[in-house]
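So the chains spell out like this:
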Amino acid sequence: MEVPFYPSDLFDYEMSAEEENAYYYDWCWLLPDPINKMLGHSNDIQNPQQIECQMYANGFDADDPRQYEEPLRSELRKSATNWHLLLQIDSNLGECNMVWGDCGRLYLWITDEDLRAQRLENALLLTQCS
């Protein structure tokens, strides 16, 4: 079953501490490694990435924590859901001798519009590590 990782910009829901523990320890930790996929929801190691994609696409520095403050975050969040995971490639030292950072993942993101128009050159590549 594919569900967005929590927290996600795809839904506005606050989990209780009990729900969050059950989500991470009873579900997320059961996912097999490596997690490679095309399309679907990203399996984030750190933070949700749609707002980060929207920031880069609009010329903001997503590495600057001040860029995530309100009201900018609210404005970017409105259109962040237009970004979709195109490809996720996990580190796999044993089988492929591929390691991204500290055993992280590569994520290739694209907007609805660019995917429909097959403009893959507009896709964004992000990485996350533990």
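Model, not experiment: these values are computed from the prediction.

J.: Quick one: what's the story with the pattern of salt bridges, residue by residue and with numbers?
T.: Across all of its chains, the model carries three salt bridges by this definition. When the shortest N-O distance is used, the salt bridge between E113 and R119 registers 3.0 Å. Classification of E113 as exposed rests on a relative accessible area of 54%. Taken together, the shared-partner salt bridges in this structure form one network comprising E113, D114 and R119.

J.: Could you give an account of the sheet that holds strand 3 (residues 105-111), naming the residues involved and the relevant values?
T.: Here we have four strands laid out as an open sheet, ordered 1-2-3-4, and antiparallel in their pairing. Edge positions in the sheet fall to strand 1 (37-38) and strand 4 (124-128), since each has one partner strand and no second. Of the strand pairs in this sheet, strand 3 and strand 4 are connected by five bridges, and their pairing is antiparallel. Following the sheet pairing, Y107 is matched in strand 4 by L126. In this fold helix 2 (residues 50-57) packs onto strand 2 (83-90), strand 3 and strand 4, with an angle of close to 135 degrees to the strand it touches most, strand 4.

Reading the values: rules and limits
- Residues numbered from 1 in each chain as written.
- Predicted model: local features only at pLDDT ≥ 70, side-chain atom pairs only at ≥ 80, totals over all residues.
- Heavy atoms only, no water.
- Salt bridge = Lys/Arg side-chain N within 4 Å of Asp/Glu carboxyl O.
- Buried < 20%, exposed > 50% of the residue type's maximum accessible area, 1.4 Å probe, protein only.
- Pairing = 2+ DSSP bridges.
- Helix = DSSP H or I, 4+ residues; strand = E, 2+ residues; numbered from the N terminus.
- Contact = heavy atoms within 4.5 Å.
- Axes fitted to C-alpha atoms, helices over the stretch in contact; angles between N-to-C directions.

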